[in-house]
Amino acid sequence: MTMTNEKKKVLLPFWKDALMQIAAGGTAGFVEICIMHPLDVVKTRFQFQRGFSQSNYASISDCFRRTIKNEGFLAIYKGILPPILAETPKRATKFFTFEQYKKLFSFGSSVPTAQSLILAGLFAGLTEAIVVNPFEVVKVRQQTDQQQFSKVKNNFFF
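Source: prediction; values computed, not measured. Sequence order as written defines residue numbering, which begins from 1 separately in each chain. Thresholds applied to this predicted model are a pLDDT of at least 70 for local features of residues and 80 or more for the giving and counting of side-chain atom pairs; totals over whole chains, interfaces and linings are not thresholded and use all residues. Only hydrogens and water are removed before side-chain values are computed, so all heavy atoms of the structure are retained for them.

Can you tell me about helix α2 (residues 60-71), naming the residues and giving the values?
Put simply, DSSP marks the helices as runs of H or I at least four residues long and the strands as runs of E at least two long, and each gets a number from the N terminus on. Multiplying one less than the number of residues by 1.5 Å gives the expected span of a helix. The terminal C-alpha atoms of α2 lie 16 Å apart, and with twelve residues this matches the ideal 16 Å at 1.5 Å per residue to within 8%. All of the buried residues in α2 are Asp 62, Cys 63 and Thr 67. Buried positions in α2, seen along its axis, are confined to an arc of 125 degrees and lie on one side of it. Set apart from the buried face of α2 by more than 90 degrees, the exposed residues are Ser 61 and Lys 69. Of the residues flanking the end of α2, it is Gly 72, one or two places downstream, whose phi is positive at about 95 degrees. Three exposure classes are used, based on accessible area relative to the maximum for each residue type with a 1.4 Å probe and protein chains only: buried under 20%, partly exposed in between, and exposed over 50%. The arc under discussion is defined with respect to the helix axis, by the directions toward the C-beta atoms.

I'd like a rundown of the packing of aromatic side chains, residues and numbers included.
Classification of ring pairs rests on two measures: the distance between centres of Phe, Tyr or Trp rings, Trp counted by its six-membered ring, which must be within 6.5 Å, and the angle between planes, read as stacked under 30 degrees, edge-to-face over 60 and tilted in between. Applying the stated rule across the entire model yields five aromatic pairs. Ring geometry for Tyr 101 against Phe 105: centres 6.2 Å apart, planes inclined by 25 degrees, an arrangement best described as stacked. Of this pair, Tyr 101 and Phe 105 both sit in helix α3 (residues 81-105), separated by four residues, roughly a single helical turn. Its relative accessible area of 16% is what places Phe 105 among the buried residues.

How would you summarise the pattern of salt bridges if you had to cite specific residues and measurements?
One side-chain nitrogen of Lys or Arg within 4 Å of one carboxyl oxygen of Asp or Glu is enough to make a salt bridge. Applying the stated criterion across every chain, the model contains twelve salt bridges. The salt bridge partner of Asp 62 is Arg 66, with a shortest N-O separation of 3.2 Å. With Asp 62 and Arg 66 both in helix α2 and four residues apart, the pair spans about one turn of that helix. Residue Arg 66 is classed as partly exposed on the basis of its relative accessible area of 22%. A salt bridge links Glu 99 to Lys 102, with the nearest nitrogen and oxygen atoms 3.2 Å apart.

Spelled out as structure tokens, the structure:
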């Protein structure tokens, strides 16, 4: 076997594993946002209403009901594009970097220790935070602009 064939055999599993980790993480992030975003909109509006909003909501269901009644059903998906654009690479980054950090901090051991898993999680989380912060700022600004609640597109169907 030549040296190039040996390198190909070593690199191919790495890329195959990396692509699977990235795809799994990206898919998980996309599905999570599509399911949880309406609750995030309500949470953000509750946080923002204190002292600033003219429409104080009595409960979570009241916020859902009034938002849908006054702005339409798709209003609960306002600001969804930045989280989708952030969460897909965020989760992909987290899944991929966790596995890479886990290998790095295992120091050649075939079984990761608790310490190597803790370090891998810490560094994967730090990497994730660096990737996602700018998108979170845009999302919160879209969700809380009181004068633009009815004007901002939901970004789901463009």
